[in-house]
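Spelled out, the chains give:
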Amino acid sequence: MMAVPFQGYEIAVGLVSIMIAVSGILLGIGIAVGDRKLKEIGRDELYQSIANGIIVGALFTALVPGGMVANLINSLVPSDVQCSGVMAANYAICFASNFLTGLSPITVNGHAYPTLMDSTLGLLVPAASIYGVVSFIASIKITAVFASFGFGTLLQPVVSILGYMIEALSLTVASLEIQGILLYFVAATSLTILLPIGLVLRSFYFTRRLGGAIIAVTIALFVVFPLTYVMDAQLVSTYSVGTSGIGAISSTANSLKSNVTGSLLGNNVSTSVLADITTGLSSFVSTVEDDINVFMNGVAMIIVEAFFLPLFSLMLTMVSARELARILGSELSFGKFDMF
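Residues numbered from 1 in each chain as written. Predicted model: local features only at pLDDT ≥ 70, side-chain atom pairs only at ≥ 80, totals over all residues. Heavy atoms only, no water.

**Student:** What should I look at first to understand empty space enclosed by the protein in this one?
**Tutor:** Think of a ball as big as a water molecule: rolled over the atoms, this probe shows where empty space is left. Scanning all chains against the criterion turns up two cavities of 30 Å³ or more. Lining the largest cavity are Leu63, Leu191, Leu195, Thr218, Ile219, Phe222 and Val223. In terms of residue count, helix H7 (residues 208-236) provides more of the lining of the largest cavity than any other element does, four residues in total. Across the lining of the largest cavity, the residue classes tally to six nonpolar, one polar and no charged. (1 Å grid on protein atoms, 1.4 Å probe; cavity = no way out; pocket = protein on both sides within 12 Å on 5 of 7 lines; lining within 4 Å. Points joined across faces, edges and corners; volume = space filled by probe spheres on them. Helix = DSSP H or I, 4+ residues; strand = E, 2+ residues; numbered from the N terminus. Nonpolar A, V, L, I, M, F, W, Y, C, P; charged D, E, K, R; others polar.)

**Student:** Any chance you could explain the pattern of salt bridges here in plain terms?
**Tutor:** Opposite charge on two side chains makes pairing possible when the charged atoms of those side chains draw close. Scanning the entire structure with this criterion turns up three salt bridges. Arginine 36 serves as the salt-bridge partner of glutamate 40, at 3.4 Å between the closest nitrogen and oxygen. Placement of the pair is glutamate 40 and arginine 36 together in helix H2 (residues 36-63), with a separation of four residues, close to one helical turn. Since its relative accessible area comes to 35%, glutamate 40 is described here as partly exposed. Measuring nitrogen to oxygen at the nearest pair gives 3.7 Å for the salt bridge that ties glutamate 323 to arginine 322. Classification of glutamate 323 as partly exposed rests on a relative accessible area of 33%. With relative accessibility at 10%, the residue arginine 322 sits in the buried group. (Salt bridge = Lys/Arg side-chain N within 4 Å of Asp/Glu carboxyl O. Buried < 20%, exposed > 50% of the residue type's maximum accessible area, 1.4 Å probe, protein only.)

**Student:** What is the right way to read the side chain of serine 97 from this model?
**Tutor:** As for its placement among the helices and strands, serine 97 is situated in helix H4 (residues 91-101). Residues contacting serine 97, with those up to four places away along its chain left out, are Met87, Gly102 and Leu183. (Contact = heavy atoms within 4.5 Å.)

**Student:** Looking at this structure, I do not really get the packing of aromatic side chains. What am I missing?
**Tutor:** How two aromatic rings sit relative to each other is given by the distance of their centres and the angle of their planes. Under the criterion given, the structure shown has two aromatic pairs. Ring plane angle 0° and centroid distance 6.3 Å describe the contact between phenylalanine 95 and phenylalanine 99, whose orientation is recorded as stacked. On the criterion of helical spacing, the pair formed by phenylalanine 95 and phenylalanine 99 is a turn pair, its members being four residues apart in helix H4. Phenylalanine 95 gets classed as buried once you look at its relative accessible area, which sits at 3%. Classification of phenylalanine 99 by relative accessible area gives buried; the value is 5%. Measuring from centroid to centroid gives 5.3 Å for phenylalanine 225 and tyrosine 229, while their planes differ by 85°, and the two rings are edge-to-face. With phenylalanine 225 and tyrosine 229 both in helix H7, this residue pair falls four residues apart, about one helical turn. Residues phenylalanine 225 and tyrosine 229 agree in their burial class; the two are buried. (Phe/Tyr/Trp six-rings, centres within 6.5 Å; stacked < 30°, edge-to-face > 60°.)

What follows is the structure, encoded as structure tokens:
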């Protein structure tokens, strides 16, 4: 026996049957009494009820496990994706969630790639470590009898760049988590809440347009939205974010911190000691400035993947929802986004 693809399916079938019967009765009465307006109302409602029945049947055929949509999604998603719970209803949503917030590598085109969260944390954690070390060294001030000396001016460029990187990566982590929550919401509510509500509302005359709009949005969120993330993963799979270099700089920064603090522990800080420390810091700053472009390229790539590509996915979803709503006899307006 074929499983029911979503809750409320039986209610939708029952409402369609009732509305067909009611519209048939109205049409019959109109014909019997010769009331043209009543005949038109009955005929229109009969057509709409039949259309609702076709929509319910089409959604059942498409969304049932093993149906057309499920098979299409599964054919586009890597076969090794592991899904459980509400995510198991849509492999594309499961893949998109893993792609965004997972910590285990994902497979794209037969090759394993780190997830966006893994790549982001791979840059954020060592960057924060380096920032803490460099900020500590920059805060050191040596006070002599007639003057004071510090390393803040020398290290300020590195501190500023690392601060921008940490801020951008922190916002990226928040963005990935929000998108992961949105995907979970779509997986948990599309077939269990939104679609049944849309089908029920579309069965009645006064809420027909609203019901059609809800059905269109639900299908777009459940099918189009997660598949755009599959496409995004295909687009960015050839690009990688290197993190080994920043790990080496983190190690160098910690070693430099030990040398600086060790040299300053003595009671007398000679001019030669300060010169050696300054030389070491200058060499470190030069090394960081040479390699920072690699890290900034990695941050820029992550920002594209975490912000701009999801924005493109959202636009495609909105366009799909709008066109589906028109097919269902409804209208959707997204304000300024209607240009898409």
